[in-house]
Amino acid sequence: MSEIFNVNRRDFIKTGVAVGGGLMLGFYLPRIGQPARRAEQSTSPFAPNAFVRIGTDDSVTVIVNHSEMGQGVYTALPMLVAEELDADWTQVRVEAAPVDPAYNHTQFGIQVTGGSTSTWSEWERLRKAGATARAMLIAAAAETWKVDPASCRAENGHVFHTASRRRLSYGHLADKASSMTPPQNVALKDPKDFKLIGKPAKRLDTPEKINGKGLFGLDVKVPGMLTAVVARPPVFGAKVKSFNADRAKAVPGVLRIVEIDRGVVVVADGYWPALKGREALETVWDESPLSGLDSRTQRDQYAELARQPGAVARKEGDVAAAMGRAAKKLEAVYELPYLAHATMEPLNCVADVRPDGCDVWTGTQLQTVDRAAAAQAAGLKPEQVKVHTMLLGGGFGRRAVVDSHFVREAVETSKAVKAPVKVIWTREDDIRGGYYRPMSHHSISAGLDAAGNLTAWQHRIVCQSFIVGTPFEAFIVKDGVDETAVEGAKDLPYRIPNLLVDWQKAPVGVPTLWWRSVGHSHTAFVVESFLDEVAHAAGKDSYEFRRALLVGNPRHKAVLEFAAEKAGWGKPLPQGRGRGLAVHESFGSFVAQVAEVSVTKDGQLKIHRVVCAIDCGPTVNPDTIHAQMEGGVVFGLTAALYGEITFEKGRVKQRNFHDYPMLRMNEMPVVETHIVPSVEKMGGVGETGVPPVAPALANAIFPLTGKRIRRLPIRAEDLRKA
Amino acid sequence: MVKLKVNRKDYAVDVSPDTPLLWVLRETLGLTGTKFGCGMALCGACTVHLDGEAVRSCVTPVLRAAGKEVTTIEGLSHDLSHPLQRAWIAEDVPQCGYCQSGQIMAAAVLLRENPNPADAEIDDAMSGNICRCGTYQRIRRAIHLAARMKATGGIR
């Protein structure tokens, strides 16, 4: 990873990311069925379908096509290869894949990291890549020894011939193996024989993340590179009317001021002069339709929209009739705000546009789309653009941008100034830069019969769509319903005979985007909080009430029971403490969480513990699952306690971490994660820890205050006794 | 010219004296292990040591560092041998990793001043450092482990 920048840039660009210091010749795994090629004979180092490379020095390089943003793919995916390769894990290293169809997502057909899909979507392909390489190494050894390949076995980076007590390391065999014909149908291991998969492994990227050597997008430096910040419109959708750059140009170090599609760029010989130049820049902006946007009136608009039926996402039975018959009816409104992703590493991109090509260095989750956008902005063909994926200082969806705006800005600027340029976003640019989790309004109601059975459930969601009108629409919008708006609500797992979930698309122009757990980030809060209200109204325990309704959903039920048991559900708590629970499926995994909290008389909340049970099917690196549950809890709690982007006169009010706060160490609860053993279908883990925590928290506060929390973030008045 | 001593090496840098130390480290000296997170001393990603004290380099004018010893993550050890680095590996702390340089530099000052901190003391010392990935629980464990390593002369 880091070594590649030690070679000089000319060599780097010429040979691309596959060089690795020139030590790792060896072979490339070719397309199945084609003869292997030796690396040095290859005209391009980007051999198609190349996921593994073995060096004559015994190194095993796994080329990873998913971006590492903290979720652990630079460890879990190499584990898949190394398992079937029988590699020596201490020799395994990682390289970021270039953009090539060979590296497309197995499900989505483009290169993308998202939807908590990395591990399960590569489960077959990468194991096959490892197994194929192993078969070729065994064939090479057998030929060397003139023995039957079946009499050889591979283990820990070596091929052994037990009968003659001989062995050769993979490095010794690499050259010969590259001339072997890859097998057509390679057998994969029986899971009971796994040595790596399913056992906790230390992350491969930890050392470079604790000694300053790991390179994030912001750390890229290429010769002749300039640094830029962009003056963007104060209101989304506004355009530059005019600007005066005289004072900005007078700032020492400021070199160029250029106008691009999204604003005015101050290009300098460093970040500080660029920033000072931007402060000195005088820009007049056109009005935008959003100039009058105000969060208070927007809430009213959403409430108004909720009066009208929306596009139906799920319908069962006859809700209106069932409500009419109900002995008891509950109605509530839930509201959730816009949220910024606030990745620790602010957005940035380095672009070097030349007449015959372009290089882009950035932390991105959406390589194929970014490359196409860069090509378009540069006036080049996609094949002329190289995207170098760096470490991502957090992603959470913010770096999978459908319009590739942060890449376009850098490319447009580099093209204009004819030099490599790094565009850096300040924290304020990031918080105010849009692409938020959409704000939402939920009108929800339920009907109970005289026995306290839940007979009717109606849930109307009002929120924007960031999918309608994009190339993703064909895949994500079904029957007029944007799945990302209703997921987690339409797939309600509880058995309710009459049920209606619909969606009102809010016509607001604030740029919105997927935010870790996407629709589930709001629907889970509403569904799991309201279900608690219903249980309470029915006079039932919220755990038992859920269990009874989870008929036919054994995975939900199992994690719920697991978490409840581990948390001591139903057992007495110390005075002043409350417990709340929630269970939710997202991204193919099932998570239940129990929060344990206390609230002082003056309304100080302390979250003591969150017990988490997850069923994600077979596990690859259990330690990563723990880490993702811990991180998901923090992410969800941060939103529940603090997260809110609001508008006044079209302008975002928040700026930085003082008014868009993050959960900190002193607020960190103990997070206890339990992985429920499972052989069910494999799901994702990067997002699924987020959705249940806000409702578990709110449900834990209720018994202490007697107040339901129906709007996030939680406000001071929510924590005072009713 | 501003004279600096960073990780025991002497430098003379030609930058505007109000330039924050962070950008001199990152852009002029190429020490990119120190990270930019907020520019307002709110997140701690840019934490370095100035004469042994933890400072937020994003709001520290380079002139303030003149003639003082600056230590960055690159100067903590050459070989990941610092107890905190070993503890960070043992607990597998980082996720995205972006904040970890700052976390470790803050923790190093804590452990020097308090060789055996309690949880509440760790909270006090570390609450200025944001981790968006939520690795706090592991940071806490790793600091305890590093404290034990220092006390016992190391756990291999």
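Structure shown above.
Here the structure is a predicted model, which means the values were calculated and not measured. (Residues numbered from 1 in each chain as written. Chains lettered and ligands numbered in written order. Predicted model: local features only at pLDDT ≥ 70, side-chain atom pairs only at ≥ 80, totals over all residues. Heavy atoms only, no water.)

*Asks:* Could you clarify how one ought to interpret the sheet that holds strand 20 (residues 454-463) of chain A in this entry?
*Replies:* Sheet strands pair via backbone hydrogen bonds, and the direction of the pair is either parallel or antiparallel. All names here are of chain A. Spatially, the five strands line up as an open sheet ordered 13-23-20-19-14, and their pairing is mixed. Here the strands that pair on one side only, and so sit at the sheet edges, are strand 13 (311-316) and strand 14 (328-336). Along the sheet, successive strands turn relative to each other by an average axial angle of 10°, direction set aside. Alignment of strand 20 against strand 23 (residues 498-505), held across eight bridges, turns out to be parallel. Residue Cys 463 lies in a different strand from strand 23, and its bridge partner there is Lys 505. (Pairing = 2+ DSSP bridges. Helix = DSSP H or I, 4+ residues; strand = E, 2+ residues; numbered from the N terminus. Axes fitted to C-alpha atoms, helices over the stretch in contact; angles between N-to-C directions.)

*Asks:* Before we go on, may I ask you to explain the sheet that holds strand 8 (residues 226-231) of chain A in this structure?
*Replies:* Residues and elements named next belong to chain A. The sheet built from seven strands is open, its strands ordered 10-11-8-18-15-16-17 with mixed pairing. If you trace the sheet from one side to the other, it starts and ends with strand 10 (254-260) and strand 17 (385-389), each paired once. Strand after strand, the sheet turns through a mean of 20° between neighbouring axes, direction not considered. Sheet topology note: the strand 8/strand 11 (residues 263-268) ladder contains five bridges and is antiparallel. Paired with Ala 228 across the bridge in strand 11 is Val 267. Sheet strands in contact with helix 10 (residues 367-378) are strand 15 (348-354), strand 16 (357-362) and strand 17, and its direction is about 140° off that of strand 17. Here helix 11 (residues 405-417) sits on the sheet and contacts strand 8, strand 10, strand 11, strand 15, strand 16 and strand 18 (421-424); the angle it forms with strand 15, its principal contact strand, is near 40°. (Contact = heavy atoms within 4.5 Å.)

*Asks:* Please clarify how the pairing of strand 4 (residues 53-56) of chain B should be interpreted in this entry.
*Replies:* One face of the sheet, then the other: side chains in a regular strand alternate in exactly this way. Here strand 3 (residues 47-50) of chain B pairs with strand 4 of chain B via four bridges, running antiparallel. Paired with Leu 50 of chain B across the two strands is Glu 53 of chain B, which belongs to strand 4 of chain B.

*Asks:* Please explain helix 10 of chain A as it appears in this structure.
*Replies:* Quick reminder: α-helices carry 3.6 residues per turn. Residues three or four places apart thus point the same way. Residues and elements named next belong to chain A. Over its 12 residues, helix 10 runs 16 Å from end to end, which matches the ideal 16 Å to within 8%, given 1.5 Å per residue. Buried residues of helix 10: Gln 367, Asp 370, Arg 371, Ala 373, Ala 374, Ala 375, Ala 377 and Ala 378, and no others. Those residues of helix 10 that are buried are in contact with strand 15, strand 16, strand 17 and helix 11. Looking at the residues trailing helix 10, positive phi occurs at Gly 379, about 75°. (Expected span 1.5 Å × (residues − 1). Buried < 20%, exposed > 50% of the residue type's maximum accessible area, 1.4 Å probe, protein only.)

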